[in-house]
Amino acid sequence: MRWVAGTVAVLVVAAGAVITTATGSSPAIRSTSRFIAGTPEAGAPVGLDSTLYLPASIPAPAILLAHGFGGSKTDLDSEARQLAGHGYVVLAYTARGFGRSGGLIHLDAPSYEVADASKLVAYLATLPQVRKDSPGDPRVGVAGASYGGGLALLLSAYDKRIDSVGADITWNDLTQALFPNAAGGQPGVFKKQWAGQLFASAAGRPGLGPAVTAGAVPPGKDRSAAASRSLACGRFAPDLCAAYQKAATTGEPDASILALLKASSPAGVLHRITAPTLLSQGEQDSLFPLGQSAANATGIAANGTPVKVIWRSGGHDGGTSTSDLVTYLEGWFDPILLHRGPTDASFDITVPGSGISAATGQTVSQTLQVDRGFTIGRSKPVGVLGPAQTIYAPAGGSPAAVTAVPGLGSLLSSAAALTGARSLTTIPGQVAIFPSQPLAARLQVAGASTVTLSVTVQGATDATLFASLHHLTADGADALPAGLVAPIRLTGLTPGVPRTVTVRLPAVVRNVPAGDRLVVVVATTDLAYQLPASPRSYTIAAPSGSVAVATIDGRILRTGQPWVWLATGLAALVLLILGALTASVRRRRRRTVDAELARVPVSIEALVKEYGDGYRAVDGVTFRVERGQVVGLLGPNGAGKTTTLRVLMGLIRPTSGTVHVFGELIEAGAPVLSRIGCFIEGPGLLPHLSGRDNLRLFWAATGRPAEDAEFDTALEIAGLGESVDRKVKTFSQGMKQRLAIAQAMLGLPELLVLDEPTNGLDPLQIAEMREVLRRYAETGRTVVISSHLLAEVEQTCSHVVVMHNGKLVAVGSVAEIASAGGMQLAVQNPQLAQEILAAAGVESQAVPARRSLEDIFIEMVGADND
């Protein structure tokens, strides 16, 4: 589900060539690649690069898979194989203008990308392996995320052969997505950062030009045409390119771009969708927020079409789990395409912090289900306080608040407290603040709340403002849910004369405990949007004195096809009861802390992590880490070290096995993760900020008091001197590494997890880091590091865990074994050790009960090299 493209291939391939590939995950799944004729471009043929996946049993229903913007069919390979293994014929393809496919990008235009997809459906109808409902009508579902999700909805509106739809993190109205206006009416404020990100991902690359034909391409012919095209447009269609450039220059959408965006928006054709539709949307998504899926769901349900909506964690700002998405698709498609089980038309949302752990007193996550209840959100009035406030917009919008950065999104949403502390999300003098009283009871915010504002402008006849709903905890920590703001664009104002408007705040999911406050914030700037060039001031008031908060309650719409709704309602009721029972069991399990492990920093039992293609990155690993130890995960690249650490941090879910930290079972968002400092797979620093600001921002995002951060200690560890105040983009790799390690040590966590911490450090810095880690462990804290360097582990660690090809080879204490007269470890997996030795040319009978660490490591590397 890649959003921003990597390097786009520029090879011209003779279409019609068929490439058969063997699957490594299941021999029963066969895949063949070929070019299929798409919609001609300027009179020239266009080829679409596709791969067909066949299941073990045929004929079977088909699924057409579409990728995200800037991606290609290769991004879909894992999902395609999983669906094929489930019993579907799958056709994954690269959209026109991307990868090796021909043509230009028209942004899911009905005349091009949608017409291409219809041709692919027609191709499926010719295959004997695909089950047919009638001649020329294959039984087929269509699915995709983001760009592919928009294509899925549009295709189902224009092609009645589509039997079911799965659309993830996609849009309803591109006009409102790129020019949002929370006050309604006219197009709003240009979302310049996201628009620029999208355009840059495909512009600047001439690519293949318009024609990749169904036959051989004359050498140089299309290349010369492509070379003559402006690099400013890359593979974008000229009309789309010109419209974007004009909007980017002026910040205003003209008639041409509005017409193009409208044609590529499902909003105008939702009434034509009759195929049962699954909509999933990410809560961490500043490009296409939850409101986009709510609008799609309402429009489709009004037509009497069964709809299921899932609001989940992740989105364009990170956290998307493709394995979860495929599970959603299988559960949705199976009753319709395979005739297995009942159709589930319902509304599921993942609610962060909706439950309380009895063991820790901390909030945990759970999933709530509301029976297909659109309209989404029942309004509950919550009073807000505060007099009219005058705020200022600087010329050109500089400095500007930073709430969301494309691809990072909600990273900044918990930057700092609203009162007393300076933060990136709220700049003093630029914000009007209207807090509520402490809530008397817990409130579940789910959906788009509304607030009435009075706006008076001085120095202009238009207004650009940004409204948001903040969550202020009882101890003063402030959070901006998902980093989302609602842009407001007003024109035709008279200076000094107030205008009253109703503002639709961003759709969010948030549990607000009793005693906490909701805060309406109105700001004059936001870095993600186009801002006015001229300075002005605004007086903001909240005349109604309340905000209509959207809660999880909804009313059931029973429009059209009552027999469908009755059947799906009964099925949803059964699933709801089963889901409640399952959730109850899971909550009891999650709230159980293993008392025997409460003082054990890390306990890993029979850990397995297998990916969708059958690859086992970790295979049955078991070990414990005790307090005060510095434990090294040692093994060559690909041994499974980083995957083990990612599971340990709750970043990915294990296929089987358990990971406990201080006795608590690890999962995404587990409260015990706050006791861990980590650095995994790169620094992840913001390049436009200084090193010091990166540390402060990271700590602010935790919501903990600044005095607990131990900044001085962390900066001493970093050893960057005055360089810590330079922007990170000027840092060397070694400097970034040191800053990232210091960031992991903020707050002096009880458990420190570092992935290859010495990469990029010079020998002196490595020696200093060894001493820092030893001293850190001597305080009773624990350190876990990974490394592929034998000498590093020997000189840094007190204990060693050796891994190879995902399996545990050996464990041992460095100190005890060294004192016994040599660096030796107990072999935990003799069979694997024999395999390693055999590959290295050592006789299997020569494997002793104990071997030196150096021997084991050399033999592993030797086996890999052989």
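Up top you'll find the structure we're talking about.
About the thresholds
Residues numbered from 1 in each chain as written. Predicted model: local features only at pLDDT ≥ 70, side-chain atom pairs only at ≥ 80, totals over all residues. Heavy atoms only, no water. Phe/Tyr/Trp six-rings, centres within 6.5 Å; stacked < 30°, edge-to-face > 60°. Helix = DSSP H or I, 4+ residues; strand = E, 2+ residues; numbered from the N terminus. Buried < 20%, exposed > 50% of the residue type's maximum accessible area, 1.4 Å probe, protein only. Lys NZ or Arg CZ within 6 Å of the ring centre and 35° of its normal. Salt bridge = Lys/Arg side-chain N within 4 Å of Asp/Glu carboxyl O. Axes fitted to C-alpha atoms, helices over the stretch in contact; angles between N-to-C directions. Parallel < 35°, antiparallel > 145°, perpendicular 65-115°, else oblique. Contact = heavy atoms within 4.5 Å. Expected span 1.5 Å × (residues − 1).

Here we look at the packing of aromatic side chains
Now for step 1: Under the counting rule described, the total for this entry stands at seven aromatic pairs.
Now for step 2: Each ring, one from Trp 171 and one from Phe 288, has its centre 5.4 Å from the other, and the planes form 50 degrees; the classification is tilted. Of the two residues, Trp 171 is situated in the loop between β9 (162–168) and α4 (174–178) and Phe 288 in the loop between β10 (277–282) and α9 (290–301); the sequence distance between them amounts to 117 residues.
Now for step 3: Taken together, a centroid distance of 5.3 Å and an interplanar angle of 45 degrees make the contact between Phe 466 and Tyr 529 tilted. Of this pair, Phe 466 sits in strand β18 (residues 463–472) while Tyr 529 is found in the loop between β22 (517–523) and β23 (536–541), placing the two residues 63 residues apart along the sequence. Of the two residues, Phe 466 and Tyr 529, neither departs from the other in class, the shared state being buried.
Now for step 4: Each member of the aromatic cluster is reached from another via a ring pair, and the members are Phe 69, Phe 98, Tyr 147 and Phe 236.
Now for step 5: The ring centre of Tyr 611 lies 5.1 Å from the NZ or CZ of Lys 609, which sits over that ring.
Now for step 6: The ring of Phe 662 carries the charged tip of Arg 675 above its face, separated from the ring centre by 4.1 Å.

Digging into the pattern of salt bridges
Now for step 1: Per the counting criterion, the structure on display carries 17 salt bridges.
Now for step 2: The salt bridge involving Asp 133 is made with Arg 139; its shortest N-O contact spans 3.0 Å.
Now for step 3: Look at Asp 133 and you get partly exposed, because its relative accessible area is 38%.
Now for step 4: Among the salt bridges present, the one from Asp 462 reaches Arg 536, with a minimum N-O distance of 3.4 Å. Within this pair, whereas Asp 462 is found in the loop between β17 (443–458) and β18, its partner Arg 536 is found in strand β23, the two being separated by 74 residues in sequence.
Now for step 5: Asp 462 sits in the buried class, given a relative accessible area of 17%.
Now for step 6: Taken together, the shared-partner salt bridges connect Glu 252, Asp 462, Arg 489 and Arg 536 into one network.

Concerning the packing of helix α2 (residues 110–125) against helix α3 (residues 147–158)
Now for step 1: The N-to-C vectors of α2 and α3 enclose an angle of 75 degrees; their axes lie 10 Å apart at closest approach. Considered as vectors, α2 and α3 are oriented roughly perpendicular to each other. Along its contact with α2, which presents Pro 110, Glu 113, Val 114, Ala 117, Ser 118 and Val 121, the element α3 presents Tyr 147, Leu 151, Leu 154, Leu 155 and Tyr 158.

Observations regarding helix α15 (residues 733–744)
Now for step 1: If you check α15, its first and last C-alpha atoms are 17 Å apart, about what 12 residues at 1.5 Å a residue would give, namely 16 Å.
Now for step 2: In terms of residue burial, α15 counts as a mostly covered element, since 10 of its 12 residues are buried.
Now for step 3: Where the residues of α15 are buried, they touch β30 (676–679), α13 (691–702), α14 (711–718), β31 (751–755) and α16 (763–778).

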